[in-house]
Structures are given as structure tokens and as C-alpha cells.
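# A structural walkthrough
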Amino acid sequence: MPDLASFTRIGFLTLPNFSMIACANALEALRMANYVTEAETYSWRILTLDGAPAAASNGLTLIPTLPLAESGPLDLLLVCGGIDVRHAATPPIEDALRRLSRRGVALGALCTGSFVLADAGLLDFYRCAVHWENLSAIREEFPQIDFVEEAFVIDRDRLTCTGGVAPLEMMLALIEARGGRPLADKVSEQFIVDRARPARARIEPRPRPALPDPTLARAVRLMQAAIEQPPGIATIARKLDVSPRHLERLFRRHLGVTPAAYHLGLRLERARELLRLSPLPVTDVGLACGFQSAAHFSTAYARRFGRPPSVERRGAGLPKAKG
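Definitions and limits used
- Residues numbered from 1 in each chain as written.
- Predicted model: local features only at pLDDT ≥ 70, side-chain atom pairs only at ≥ 80, totals over all residues.
- Heavy atoms only, no water.
- Helix = DSSP H or I, 4+ residues; strand = E, 2+ residues; numbered from the N terminus.
- Buried < 20%, exposed > 50% of the residue type's maximum accessible area, 1.4 Å probe, protein only.
- Contact = heavy atoms within 4.5 Å.
- Disulfide = S-S within 2.5 Å.
- Salt bridge = Lys/Arg side-chain N within 4 Å of Asp/Glu carboxyl O.
- Phe/Tyr/Trp six-rings, centres within 6.5 Å; stacked < 30°, edge-to-face > 60°.
- Lys NZ or Arg CZ within 6 Å of the ring centre and 35° of its normal.
- Polar contact = N/O pair within 3.5 Å; in protein donor to acceptor, adjacent residues only side chain to side chain.
- Arc of directions from axis to C-beta.
- Pairing = 2+ DSSP bridges.
- Axes fitted to C-alpha atoms, helices over the stretch in contact; angles between N-to-C directions.
- pLDDT = per-residue confidence, 0-100.

An unreviewed UniProt entry lists the chain under the name Transcriptional regulator, AraC family, from Ancylobacter novellus.

Following the sequence through the fold, Leu-117 ends up in helix α4 (residues 113-119). With a relative accessible area of 0%, Leu-117 lands in the buried category. For the pair Leu-117 and Leu-78, spaced 39 residues apart in sequence, the C-alpha to C-alpha distance is 10.0 Å. Those residues within four positions of Leu-117 in sequence are excluded, and the remaining contacts are Val-79, Leu-97, Leu-107, Gly-108, Ala-109, Leu-122 and Leu-123.

Right, let's talk about the state of the cysteines for a bit. Following the criterion strictly, the structure yields zero disulfides and no others. Cysteine Cys-23 remains unbridged, with the sulfur of Cys-80 as its closest cysteine sulfur at 4.0 Å. Overall, Cys-23 belongs to the buried group, its relative accessible area being 1%.

Right, let's talk about the pattern of salt bridges for a bit. Going through the model one piece at a time under the given rule, you end up with 14 salt bridges. With its nearest N and O atoms 3.2 Å apart, the salt bridge here joins Glu-248 to Arg-252. A residue pair is termed a helical-turn pair when its members lie 3 or 4 positions apart in one helix, as Glu-248 and Arg-252 do in helix α10 (residues 244-255) at four residues. Glu-248 sits in the partly exposed class, given a relative accessible area of 32%. Its salt-bridge partner being Glu-269, residue Arg-272 comes within 3.2 Å of it at the nearest N-O pair. With Arg-272 and Glu-269 both in helix α11 (residues 259-277), this residue pair falls three residues apart, about one helical turn. The class of Glu-269 is partly exposed, set by a relative accessible area of 29%. In this structure, a network of salt bridges that share partners links the residues Glu-94, Asp-95 and Arg-98.

Right, let's get into the packing of aromatic side chains. The final tally for this structure, using the stated rule, is five aromatic pairs. One aromatic cluster in this structure is built from Phe-291, Phe-297, Tyr-301 and Phe-305. Above the ring of Tyr-126, the side-chain terminus of Arg-156 is found at 4.0 Å from the ring centroid. When the ring centre of Phe-291 is taken as origin, the NZ or CZ atom of Arg-267, which lies over that ring, is 4.3 Å away.

In this section: the side chain of Glu-150. Mapping Glu-150 onto the fold places it in the loop between β7 (146-147) and β8 (152-155). The buried category is assigned to Glu-150, whose relative accessible area is 15%. Reaching out from Glu-150, the side chain makes a polar contact with the side chain of Arg-127 at a distance of 3.0 Å.

The next thing to look at is helix α9 (residues 233-240). The set of residues buried in α9 consists of Ile-236, Ala-237 and Leu-240. Taken down its axis, α9 places every buried residue within 100° of arc, on the same side. For α9, the exposed residues set more than 90 degrees away from the buried face come down to Arg-238 and Lys-239. Looking one or two residues past α9, Asp-241 carries a phi angle of roughly 60°, positive in sign.

Through backbone hydrogen bonds, the strands of a sheet pair up, either in parallel or in antiparallel fashion. The strand order across the open sheet built from seven strands is β3-β2-β1-β4-β5-β9-β8, with neighbouring strands paired in mixed fashion. Unpaired on one side and paired on the other, β3 (65-67) and β8 mark the two borders of the sheet. Pairwise comparison of adjacent strand axes, ignoring direction, gives a mean angle of 25° for this sheet. Examined bridge by bridge, strand β1 (residues 9-14) and strand β4 (residues 76-80) share five bridges and lie parallel to one another. Counted as the bridge partner of Phe-12 is Leu-78 from β4.

So, about the confidence of the model for the chain. Taken over all residues, the pLDDT of the chain has a mean of 88, while the share at 70 or more is 90%. The low-confidence segment residues 196-207 (pLDDT under 50) makes 26 contacts with residues lying over four places distant or belonging to another chain.

Structure, rendered in C-alpha cells:
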């Protein structure tokens, strides 16, 4: 396993529409570590395949930007993803990442950059973190990867994290590996960041409102965990040791719908994610969300969203599935 303390020369491969906040959080942690220690411990390069600055999702660019081939020696390359990452996962980019891997360079990803590593076959049989919005779709597409609901994951020579402030947390882990906890805490203090959350804290795959009743909350969690093979309401009630009638009263009182209607809504929301974010065929999306009949799936989807799943897929503009 690579020594995390040895990761001092770091490249940031910025893809079109990359997340500026994710990239900046990771990079600024390194700069602040140098500032606090008054030493040039860490160096970094902003990179693209051809050296032309990539526009982030906010329209800004980072300079100077160098061609990947002119990066010089690297200990770690971080793929900086953002929106529309599938169109950024080009064969030349993936070939370049495979070459770096063969040379022994550790690879990582910020935000949706994990998709590019996954598509290149560079995350097979690794644990991986990715932005919650992409979690459901990418799990279906790459079953050989262990996607986890954590802020960041360091698994051997792969470092992946979600967006927002998670890249800062991941880089603090590298800083701590080299300079100890006191140094990481000093960097955190400079950014007014509370490190009370455990480094690999579990995160929710999507934000959701707090539910006022603990039994209701447990029922919703069971439903979210059973999208592909939805159990009947009687089964859920039995697991919770309540009657189906009591469960129905809770859903109607607090959510205004029946348990069955709520679970159907969860499955359809998951289907919309898969249609928009994955290249799975429409039929496979329906099966992955617990619909055994294509006609039933299409009818239920159109009733909820006002258009059938085939139209949703065409509107997403996704590339065709490989193979």
C-alpha cells in the first residue's frame, strides 16, 4: 500500500465543467499546509490533456494550466469532475489515466471524477466515494466497484471523494499522514473548519427532510433500501413490529400519502436518476426499480412526470451504452 505521507507532488486534471469548489478545497488545503509549516512541502499542477484551460461549471478557468504530458513527476493525480462528466470521459483521457496507473502514479477523483476512473476500469474491486446525486446510477453501471456512502475513501492507491468540502477533508487526511494531527488541525483552524466529524463519516446519499416519527423514519429507510425488489407494506410493517393499519396512518398523517404511493414515488425518482445519469436501457432501468412490466413502468412514469421514460432518456442526451 502506498505511503500517504509520500504524496507531495499532486496533479489536478480539470475536466470540462469541473466543480470549482471541489478543486479549490483540495488545492487550498495543500497551500495552507505549506503556509503553516513555512515549507514548500506540497507542489501542485493544474492540468488538462492539451494544456488549454478547462472552464469550470461556473464558467471560470484556472491558470497556469499545463498539458498532462508536461506535468513532471507526480505522486498523485486527482481527476476533477463536475456536471456532464460522461462527455468528459473521452478515450484519450482514459488512455492517459491507464498509462499513469501503469507507471505507479496513485489516482484519485473529486466529485464526479470517480466516473472517469470507473469507466477506464481503474476502480474495479476498489471502495469508492462519489457525489450522492450520481450514486444510484453509477452503482447500477459498475457493479464490480464498491461504492460507499462516505465523504471520502482512501483504498490503497485510489483516493475518491464527494463534492463540496469533502475534498478538503480528504486532503487533511494526507496532511495528517505526513505532518501529524496537530498540523492537520492547524490547517483546519485557518479555514475555520470543525474536524469533529470522523474522517470517513457516513453521509446520506441525498438530503431528505427530517421525519417526525421514528417508526416512519425506519419505514422510509427500509423502502429506500428495497428499490429493486420492493416488499409489500405488510412485510415492512412486520419488520417494524407494527400493524399495516398503523403504518398507513403514520404515512397519511405526516406525508399525506399511503405507504404504497410513497414507495412508488421513491422508485420512480430513482428511475429518473438512472434515465438521466446512466446509459442503461430503459427496460433495465424499469427492472432496477422494481417494475417487472415495461408497460407498467412507462404508465407509472408518465403519470408522475408527464412524459414516458423513453422521452426522458432522449432529453438527457446520454451517450449510448458500451457493448
